[in-house]
Amino acid sequence: GEDVEQSLFLSVREGDSSVINCTYTDSSSTYLYWYKQEPGAGLQLLTYIFSNMDMKQDQRLTVLLNKKDKHLSLRIADTQTGDSAIYFCAEYSGNTGKLIFGQGTTLQVKP
Amino acid sequence: GAVVSQHPSRVICKSGTSVKIECRSLDFQATTMFWYRQFPKQSLMLMATSNEGSKATYEQGVEKDKFLINHASLTLSTLTVTSAHPEDSSFYICSAFPTGQNIQYFGAGTRLSVL
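Numbering of residues starts from 1 in every chain and runs along the sequence as written. The naming scheme follows written order: chains are lettered A onward, ligands numbered 1 onward. Side-chain atom pairs in this predicted model are given and counted only at pLDDT of 80 or more, local residue features only at pLDDT of at least 70, and totals for whole chains, interfaces and linings cover all residues. Derived side-chain values reflect all non-hydrogen atoms in the structure, with water molecules and hydrogen atoms excluded from consideration.

K.L.:
Just checking my understanding: could you explain the interface of chain A and chain B for this structure?
P.N.:
Interface size is commonly expressed as the accessible area that is lost once the parts come together. Contact with chain A, which involves 18 residues of that partner, is made by 19 residues of chain B. Roughly 1,400 Å² of surface becomes buried between chain A and chain B when both sides are summed, with 61% attributable to carbon and sulfur atoms. When two parts are put together, the accessible area they lose, computed with a 1.4 Å probe and summed over both, is reported as buried area. Three residues stand out in chain A for area buried against chain B, namely A:Leu43, A:Lys98 and A:Phe101, and they jointly supply 31% of the buried area on that side. Whenever Lys or Arg places a side-chain nitrogen within 4 Å of a carboxyl oxygen from Asp or Glu, that contact is recorded as a salt bridge. Inspection of the region where chain A meets chain B yields one salt bridge. Taking the shortest distance from any N to any O, the salt bridge between A:Lys98 and B:Glu59 comes out at 2.5 Å. We call two residues in contact whenever any of their non-hydrogen atoms come within 4.5 Å of each other.

Below you can see the structure in the form of structure tokens.
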């Protein structure tokens, strides 16, 4: 079945770059997304990438997509303490019309 | 981006009561909305797909008589947790796709605590 996997935890120092990785299994995925969730809040869309793209950059965020390996990454440049949150990778399943979420990666940013 | 409003943000109720949660798309129309449940430190679990003007589609294992969904207009879906029990305590989040877009926008969530 469709599955999305992420590492559970990442700790970085303020000012460093963070890289959060994600793998997925559904080859029919057309869109892949990164969402951010702060404690007690809903999900905030950070960025998304269409499956025919390799890279997308938006200010401090860079998304890389390796469709052959079904690997997606989110790089946050100059990570700040305000970036501390849970980051969810999600794929849009062309088979079901639903979003499939990873387990979420908790990003801890140390001053 | 599009805005999805969810209300209430937090509710505490006694066991056996019913609780209604509203999800509104403020600046777009949504023929389809989604309801998720999230347990602490876990990912989102899709409960059901809410379809405007028709019955909701529930995921396997979700009791449709327990979690009533009504999508009466293009901007409003409601989730009613009937006869709530402590095990229903959770964080419930709704989302919606603006028509013609492939981006799902989320509400801020509702924290339900059943005593």
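There's more to say after this.
K.L.:
Sorry if this is basic, but what is going on with the packing of aromatic side chains here?
P.N.:
How two aromatic rings sit relative to each other is set out by the distance from centre to centre and by the angle between their planes. Each Phe, Tyr or Trp ring (for Trp, its six-membered ring) is paired with any other whose centre lies within 6.5 Å, and the angle between the two planes then decides the class: stacked below 30 degrees, edge-to-face above 60, tilted in between. Taken as a whole, this structure holds 14 aromatic pairs over all chains when the rule is applied. Between A:Phe88 and A:Phe101, the ring centres sit 6.3 Å apart and the planes meet at 90 degrees, which makes this aromatic pair edge-to-face. Placement of the pair is A:Phe88 in strand β9 (residues 85–92) and A:Phe101 in strand β10 (residues 99–101), with a sequence separation of 13 residues. The class of A:Phe88 is buried, set by a relative accessible area of 0%. Clustering of aromatic rings is evident, with ring pairs tying together A:Tyr31, A:Tyr33, A:Tyr35, A:Tyr48, A:Phe50, A:Phe88, A:Phe101, B:Tyr36 and B:Phe106. A ring has a charge above it when a Lys NZ or an Arg CZ is no more than 6 Å from the ring centre and no more than 35 degrees off the ring normal. Of note, A:Lys56 hangs over the ring of A:Tyr48, and the distance from its end group to the ring centre comes to 3.9 Å. Numbering of helices and strands runs from the N terminus, with a helix taken as a DSSP run of H or I at least four residues long and a strand as a DSSP run of E at least two residues long. In this scheme, a residue with accessible area under 20% of its type's maximum is buried, one over 50% is exposed, and one in between is partly exposed, where area comes from a 1.4 Å probe on protein chains only.

K.L.:
How should I be thinking about the state of the cysteines in this particular structure?
P.N.:
What makes a disulfide is a covalent bond joining the sulfur atoms belonging to two cysteines. A pair of cysteine sulfur atoms is labelled a disulfide when the two atoms are within 2.5 Å. All told, the structure shown has two disulfides over all chains when counted by the stated rule. The side chain of A:Cys22 participates in a disulfide bridge whose partner is A:Cys89; the two sulfur atoms lie 2.0 Å from each other. Given an S-S torsion of about -65 degrees, the disulfide between A:Cys22 and A:Cys89 has left-handed geometry. Remark: A:Cys89 occurs in strand β9 and A:Cys22 occurs in strand β3 (residues 18–24); sequence separation between them is 67 residues. Across the pair, A:Cys89 and A:Cys22 agree in class, each one buried. Note on cysteine connectivity: B:Cys23 is disulfide-linked to B:Cys94, with sulfurs 2.0 Å apart. Here the S-S torsion is close to 85 degrees, and the disulfide linking B:Cys23 with B:Cys94 is therefore right-handed. One end of the pair, B:Cys23, is in strand β3 (residues 19–25); the other, B:Cys94, is in strand β9 (residues 90–96), and 71 residues separate them in sequence. In this structure, B:Cys23 and B:Cys94 share a single accessibility class: buried. With no disulfide of its own, B:Cys13 lies closest to B:Cys94 among cysteine sulfurs, the gap being 18 Å. A residue is classified by how much of its surface remains accessible, and B:Cys13, at 9% relative accessible area, is buried.

Geometry only, nothing functional implied.
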